[in-house]
Amino acid sequence: MSADVAIASRTTSGLDPLLLKNAPSFVEVQFPVGRLSAEAYKERKANLGQTLTALGSYWKGRKPLILCRAVMLGCLLPATNNPAKDLSIFLKLMGMDDAAFLRRGLVPKPSEIVGRLMPVGDIASDEAARLFVIKRRVTEEKKAVWVEEPFDLDAFQNLVEDRSNYLDWDDGIGDAERDKWRLRALDTYTYDEKVKRAKRPEECEDALFDGIWPQINAHLGTSAASLSELVGQLGVARFGHRPRLADTFCGGGSIPFEGARVGCDVYASDLNPIACMLTWGAFNMIGAVPERRAEIDEAQQEIVAAVDAEIIRLGIEHDEEGNRAKAYLYCIEARCPKTGWMVPMAPSWVISKSRNVVAKLVPDHAVKRYEIEIHAGVSADEMKEAEKGTVRDGRLVHPMNPERSGVEIKTIRGDFGIPAATPAIVSGSGIGWTSCHGRTIYSKSGFIASSGSRRRVSARVARKLSSQR
Ligand SMILES: C[S@@+](CC[C@H](N)C(=O)[O-])C[C@H]1O[C@@H](n2cnc3c(N)ncnc32)[C@H](O)[C@@H]1O
């Protein structure tokens, strides 16, 4: 049965069970890939702001939640004989139609509306004068008061907007008309521009769906007032019950998590116990009700504090002054076949551009090896020198090799059947980045810290660590 026939025979309280049993799905006919790519990219770029990354940020293969939602809705929604309307309904449900951007926090200001529409002739000066006023804050008898000036093109063009001067709506313009002009301004944006400036749909919660249900229900024959209700009704119409979603390779849990959020009954499993743990955590921690979330946060803080107290008690990653290691930078060392020197390998020795911190290689002739010293607050020339590093264009270059072109790294590694010039890349060198009483400072190999400029630090610890290698 086609979707149109099925929907035509709906009951007044929603769709009858199995009415859409054999109806084609939206996703079989169309899928707005361009818009979805932009949304998925935005979600990925949110990094730690993503919903599930708070748990196991190392799990890189998680599907973007927006993509999971799109596929699920695309499978449930019917493809009717009105593809344009199907698409518009799908976009509304995804919070990706034009009007949704107003609810996603992308609300063009009056100055933007005029700036966008006037150059393309979509708004004339007299229309702008009806819609807008220029507001200015002035001081009268030592009191700040707002005065209104009528819109005037010259005045607008010379207006530098700030807290005291801006273009505003005329009080007589109602919300519906304001939205009409905002939407016309949004029409001049590319989709990518809109997505960049708006919140992600999932950040808007139920407000994303404000006012859409009458149109959704009219097209689908449903009687839903929420996404979960709609998914339930479409499930009954397709399968005779709420949709059941099973992900047997659930990984980080995106698919079952989003399935549950849109209103499916979900099942998940994975071969990898870490994946199972992350998926469990997605449901029971990230997806917990606010009261439970607060309890979990509190318990986590207690554990963090207890572990921290123990680390401090044991003195792990501390020096005798109480400085604490914050992060470590490592590089490997290789033996240079020309000179026999062990050379730390790095494409650059710059550690902090903002604080002019560099690592310097200090030759130790007795053992044919370099010590690494950290210098803070160095000159621009020293920064430039440090940018060169010992790995340059696939070659190992170091101060004790008089041949400035160095040695090809693939020769050292023994690539392509070239016998390795030496037992090759051997050990690691560490540079610690430490924090002391709220300051961020740098030190050699971990522990000792100093925030003084151009000061050699931690030679003693460096020697100790070198002798242990
Ligand atoms: C690409 S990941 C899934 C990513 C997941 N969709 C997400 O969004 O995070 C594939 C998953 O399949 C799991 N897997 C591979 N072979 C499996 C098997 N035979 N049985 C169960 N899980 C398996 C892996 O452990 C891995 O977690």
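The rules behind these values
- Residues numbered from 1 in each chain as written.
- Predicted model: local features only at pLDDT ≥ 70, side-chain atom pairs only at ≥ 80, totals over all residues.
- pLDDT = per-residue confidence, 0-100.
- Contact = placed C-beta atoms within 7 Å.
- Helix = DSSP H or I, 4+ residues; strand = E, 2+ residues; numbered from the N terminus.
- Expected span 1.5 Å × (residues − 1).
- Buried ≥ 20, exposed ≤ 12 C-beta atoms within 10 Å, placed from the backbone.
- Pairing = 2+ DSSP bridges.
- Near = placed C-beta within 6 Å.
- Nonpolar A, V, L, I, M, F, W, Y, C, P; charged D, E, K, R; others polar.
- Axes fitted to C-alpha atoms, helices over the stretch in contact; angles between N-to-C directions.
- Parallel < 35°, antiparallel > 145°, perpendicular 65-115°, else oblique.
- Left-handed = near helix turned anticlockwise from the far one by under 90°.
- Core = buried A, V, L, I, M, F, W, Y, C linked by C-beta atoms within 7 Å.
- Domains from an automatic or database assignment.

In this model, the chain carries an average pLDDT of 86, and 86% of its residues clear a pLDDT of 70 or more. With pLDDT under 50 throughout, residues 432–469 is counted as low confidence; its partners more than four residues away or in other chains account for 84 contacts.

Turning our eyes to something else, we now look at helix α16 (residues 290–314). End to end, α16 covers 36 Å across 25 residues, agreeing with the expected 36 Å (1.5 Å per residue, within 8%). Within α16, only zero of the 25 residues are buried, which leaves it mostly out in the open. Count one or two residues on from α16 and you reach Gly 315, which has phi positive near 75 degrees.

Right, let's talk about the sheet that holds strand β11 (residues 391–392) for a bit. With respect to topology, three strands assemble into an open sheet ordered β11-β12-β13, the strand pairing being antiparallel. Sheet topology places β11 and β13 (407–408) at the edges, where each strand pairs with a single neighbour. Across two bridges, β11 lies against strand β12 (residues 395–396) in antiparallel orientation. The residue of β12 that forms the bridge with Arg 392 is Arg 395.

Among the 14 residues in the neighbourhood of the ligand, the closest are listed as Phe 249, Gly 251, Gly 252, Leu 271 and Asn 272. Counted by class, the shell around the ligand contains five nonpolar, six polar and three charged residues.

Contact pair helix α4 (residues 65–76) / helix α5 (residues 83–94): the axes reach a minimum separation of 11 Å and the direction vectors enclose 140 degrees. The angle between the axes of α4 and α5 places the two elements in the oblique class. For α4 against α5, the interelement crossing comes out right-handed. Contact residues: Arg 69, Ala 70, Leu 73 and Gly 74 in α4; Phe 90, Leu 93 and Met 94 in α5. The class makeup of the residues in the contact of α4 with α5 is five nonpolar, one polar and one charged.

Take the packing of α5 against helix α12 (residues 213–220) next. Where α5 contacts α12, the two axes come as close as 10 Å, and the packing angle between them is 140 degrees. Looking at the two axes, α5 sits oblique to α12. In terms of crossing hand, the pair formed by α5 and α12 is left-handed. Residues Lys 85, Ile 89, Lys 92 and Leu 93 of α5 pack against Gln 215, Ile 216, His 219 and Leu 220 of α12. Along the lines of polarity and charge, the residues of the contact of α5 with α12 split into four nonpolar, two polar and two charged.

Now for the nonpolar core. One finds Leu 73, Phe 90 and Val 114 to be the most contacted residues of the largest nonpolar core, which totals 57 residues. In terms of residue count, the dominant contributor to this core is α4 (seven residues). Residue assignment places this core across two domains, with domain 1 (3–102 + 203–262) and domain 2 (108–183) each supplying three or more. Not counting residues within four places of it along the chain, the set of residues in contact with Phe 90 comprises Phe 26, Leu 73, Gly 74 and Leu 77. Val 343, Trp 349, Tyr 370 and Leu 396 belong to the second-largest nonpolar core, a separate cluster that totals 22 residues.

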